[in-house]
Amino acid sequence: MAYWRDSKIKDVIQKILIYIFFFTGIPYFRFLSLRKKGPVVRTLVMHDVTNKDKFVSFFDFLQCYFNVLSVGDFEHKRFDDKKINILLSFDDGFESWETVVVPELERRKISAYFFVSSGFLDMCGDKEKETQFCRKNLLISHRKPLSWEGLKRLSANNAFVVGGHTVTHPNLLKISMEQQQTEIVENKKRLEEFLGTEVEVFAYPFGMPGMHADKRLCEVVQKAGFKKAFTTEINFTNMAKDQFSLARVCTEYKESPFFLYVWIMGGYDNIKKLMLGFRISGVL
Ligand SMILES: [Zn+2]
């Protein structure tokens, strides 16, 4: 109960700081300055999407204020020079991808990256194992994984791109180099054999640079045969940067449209770093 109250307090403090920072105008001027250098891209990460109505409203909002990219647009650098370009990605492998995400994306003719943890799909159908995987590996309460057949149906749409996300979703910096290779290579092989296509993109589990990914790990991913990899660095996606540390921001689609606007414009970027700094120093 105390933990619940503390985490609620932290959320409220974080939101207040995000709004204050946004209203200083700094995020907007930063966006203008980035725009002078080239197209501005924001990659969003989502996970399990259970509320269809809120997901639909989220898309209405995205398409109203931003330029939502397909994966093809992103890979061939077809950007809007004026608006923020939004690229979508989904991590881990949830049943809701098939029931909620894919129908909505197809209806709007939008595509996305889907990063799959193959060990999670293996648990599909065994409630106890699903729960264990969610708790121990994804650090969440029980959610239903996508089935392998569901993944095949998803990938039948060529616009959707399936990427690697390891076998068991570990913090790759906490395991040996040999284990890292097994997690990365076995996941890639399994997906490629099942789907019959090459898997060329990767997302680091958890993904925060310095905590879950580093320069040496980027090399391991590159050597495994991937062409690019995404972190969860809280930033715009810098296309000119190292292709193995592309930034993405975790996004909660159920938030209010105004908060999401503030979030995507950059109200969150610096505040999150500040909150992490406070947490490390023990203030929060
Ligand atoms: Zn993940």
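Things to note about the coordination of the zinc ion
Step number 1: Around the zinc ion, the donor atoms from the protein are Asp92 (OD), His165 (NE2) and His169 (NE2), and they sit 2.0 to 2.2 Å away.
Step number 2: Each donor residue of the zinc ion lies on one chain, and together they are spaced D-x72-H-x3-H. There is no split in this pair, since His165 and His169 are both buried.

A word on the domain arrangement of the protein
Step number 1: For the protein, the assigned domains are domain 1 (1–37 + 262–284) and domain 2 (43–253).
Step number 2: One C-alpha centre belongs to domain 1, the other to domain 2, and the line joining them spans 24 Å.
Step number 3: Carbon and sulfur atoms supply 72% of the area that domain 1 and domain 2 bury against each other, a total of about 1200 Å² over both sides.
Step number 4: Connecting domain 1 to domain 2 are zero salt bridges.
Step number 5: At the level of secondary structure, the elements contributing two or more residues to the side of domain 1 that touches domain 2 comprise helix H2 (26–37), helix H11 (257–267) and helix H12 (269–281).

Quick notes on the pattern of salt bridges
Pairs may arise between side chains of opposite charge once their charged atoms sit close together.
Step number 1: For the structure on display, the rule yields 17 salt bridges.
Step number 2: The partner of Asp73 in a salt bridge is Arg78, with the nearest N and O atoms 3.0 Å apart.
Step number 3: Looking at Asp73, the relative accessible area reads 19%, which means it is buried.
Step number 4: Of the residues examined, Arg78 reaches a relative accessible area of 47% and is grouped as partly exposed.

Digging into the packing of aromatic side chains
The description of an aromatic ring pair rests on the distance of the ring centres and on the angle between the ring planes.
Step number 1: Applying the stated rule across the entire model yields 32 aromatic pairs.
Step number 2: Ring centres of Tyr19 and Phe258 lie 5.8 Å apart, and the angle between their planes is 10 degrees; this geometry places the pair in the stacked category. Note that Tyr19 is positioned in helix H1 (residues 2–23) and Phe258 in helix H11, a separation of 239 residues in sequence.
Step number 3: What links up through ring pairs into an aromatic cluster is the set Tyr19, Phe22, Phe23, Phe61, Tyr65, Phe66, Phe258, Phe259, Tyr261, Trp263 and Tyr268.
Step number 4: Lying over the aromatic face of Phe194, Lys152 brings its terminal NZ or CZ to 4.4 Å of the ring centre.
Step number 5: One Lys or Arg, Lys188, reaches over the ring of Phe226 and ends 5.3 Å from the middle of that ring.

Overview of the pairing of strand E1 (residues 41–46)
Step number 1: Judged by how many residues are buried, E1 sits mostly within the fold: six of six residues are covered.
Step number 2: Neither face of E1 is open: one carries Val41, Thr43 and Val45, the other Arg42, Leu44 and Met46, and all of them are buried.
Step number 3: Two elements, E1 and strand E3 (residues 85–92), share six bridges in a ladder whose sense is parallel. Paired with Leu44 across the two strands is Leu88, which belongs to E3.
Step number 4: The pairing of E1 with strand E8 (residues 249–250) spans two bridges and is classified as parallel. Following the sheet pairing, Leu44 is matched in E8 by Val249.

Parameters at a glance
Residues numbered from 1 in each chain as written. Predicted model: local features only at pLDDT ≥ 70, side-chain atom pairs only at ≥ 80, totals over all residues. Heavy atoms only, no water. Donors = N, O, S within 2.8 Å, 3.2 Å for Na, K, Ca; no water. Buried < 20%, exposed > 50% of the residue type's maximum accessible area, 1.4 Å probe, protein only. Domains from an automatic or database assignment. Buried area = accessible area lost by both parts, 1.4 Å probe. Salt bridge = Lys/Arg side-chain N within 4 Å of Asp/Glu carboxyl O. Helix = DSSP H or I, 4+ residues; strand = E, 2+ residues; numbered from the N terminus. Phe/Tyr/Trp six-rings, centres within 6.5 Å; stacked < 30°, edge-to-face > 60°. Lys NZ or Arg CZ within 6 Å of the ring centre and 35° of its normal. Pairing = 2+ DSSP bridges.

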